[in-house]
Amino acid sequence: MKTTIFAAIALLLSANVSWAAPASKAKVAELTAHRIDRLVALNKIDASFLNRVEKIEVTAVSQNPIAFKVRASQTQPENGSQPMQLDLSFDKDGKALSYQVVAGGNAGPDPQWP
């Protein structure tokens, strides 16, 4: 009996089974906010992404290993410079794969919130 239980446990532990569900668009949008915060903390992107993000667009794609493409757009800066966009790629589990800052994005006026 003990041998059967140990064999079953060993079989389950050795099997390549993913217990986590694939990420949803909502989860990827949340992970994007966390990734933006981390990239700003590492000085990889401009800090204005923390308070000038106008929208986050999540698109599901089927480009292995990329499962989601995200575009975070800024509002138009007060100084008249071009708004920036951040393109991010995520895999099916929600792991960030790459990012790229794109200048000259199309965004609305800054609401000048406090």
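Remember, it's a predicted structure, so these values are computed and weren't measured experimentally.

## Things to note about the sheet that holds strand β2 (residues 66-74)
So, point 1. Spatial ordering of the open sheet is given by β1-β2-β3-β4, a layout of 4 strands whose pairing is antiparallel. Edge positions in the sheet fall to β1 (53-63) and β4 (96-103), since each has one partner strand and no second. Neighbour to neighbour, the strand axes of the sheet diverge by 15° on average, direction disregarded.
So, point 2. Two strands pair when backbone bridges link them, and strand β3 (residues 84-90) and β4 are joined in this way by 7 bridges, in the antiparallel orientation. What sits directly across from L88, in β4, is Y99.
So, point 3. In this fold helix α2 (residues 25-41) packs onto β1, β2, β3 and β4, with an angle of close to 120° to the strand it touches most, β3.

## Some words on the nonpolar core
So, point 1. Counting residues in hydrophobic clusters, the biggest one holds 15 residues, and the most contacted among them are V28, I36, I45, F68 and L86.
So, point 2. For this core, the secondary-structure elements that each account for two or more residues are α2, β2 and β3.
So, point 3. In this structure L86 touches I36, L39, I45, F49, V70, R71, A72, Y99, Q100 and V101, once residues within four positions along its chain are discounted.

## Focus on the side chain of S89
So, point 1. Relative to the helices and strands, S89 resides in strand β3.
So, point 2. Setting aside residues up to four positions removed in sequence, S89 forms contacts with I66, F68, K69, K95, A96, L97 and S98.

## Regarding the pattern of salt bridges
So, point 1. A complete count under the given rule lists 4 salt bridges for this structure.
So, point 2. The salt bridge involving E30 is made with K27; its shortest N-O contact spans 3.6 Å. Remark: K27 and E30 occur in helix α2; sequence separation between them is 3 residues, near one turn of the helix.
So, point 3. Judged by relative accessible area, which is 39%, K27 ranks as partly exposed.

## Regarding the confidence of the model for the protein
The predicted coordinates should not be examined in detail at positions where pLDDT is low.
So, point 1. Per-chain confidence: the protein averages 81 in pLDDT, with 75% of residues scoring 70 or above.
So, point 2. Within the protein, α2 carries the highest mean pLDDT (94), whereas helix α1 (residues 2-14) carries the lowest (64).

## Points about the pairing of β2
Regular strands have side chains that alternate between both faces of the sheet.
So, point 1. Judged from the 8 bridges that link them, β1 and β2 form a sheet pairing that is antiparallel. The residue of β2 that forms the bridge with K55 is S73.
So, point 2. The antiparallel hairpin formed by β1 and β2 contains 2 residues in its connecting segment.
So, point 3. Pairing of β2 with β3, which is carried by 6 bridges, proceeds in the antiparallel orientation. Bridge pairing in β3 links R71 to D87.

Each value, and the rule that gives it
- Residues numbered from 1 in each chain as written.
- Predicted model: local features only at pLDDT ≥ 70, side-chain atom pairs only at ≥ 80, totals over all residues.
- Heavy atoms only, no water.
- Pairing = 2+ DSSP bridges.
- Helix = DSSP H or I, 4+ residues; strand = E, 2+ residues; numbered from the N terminus.
- Axes fitted to C-alpha atoms, helices over the stretch in contact; angles between N-to-C directions.
- Contact = heavy atoms within 4.5 Å.
- Core = buried A, V, L, I, M, F, W, Y, C linked by side-chain atoms within 4.5 Å.
- Buried < 20%, exposed > 50% of the residue type's maximum accessible area, 1.4 Å probe, protein only.
- Salt bridge = Lys/Arg side-chain N within 4 Å of Asp/Glu carboxyl O.
- pLDDT = per-residue confidence, 0-100.

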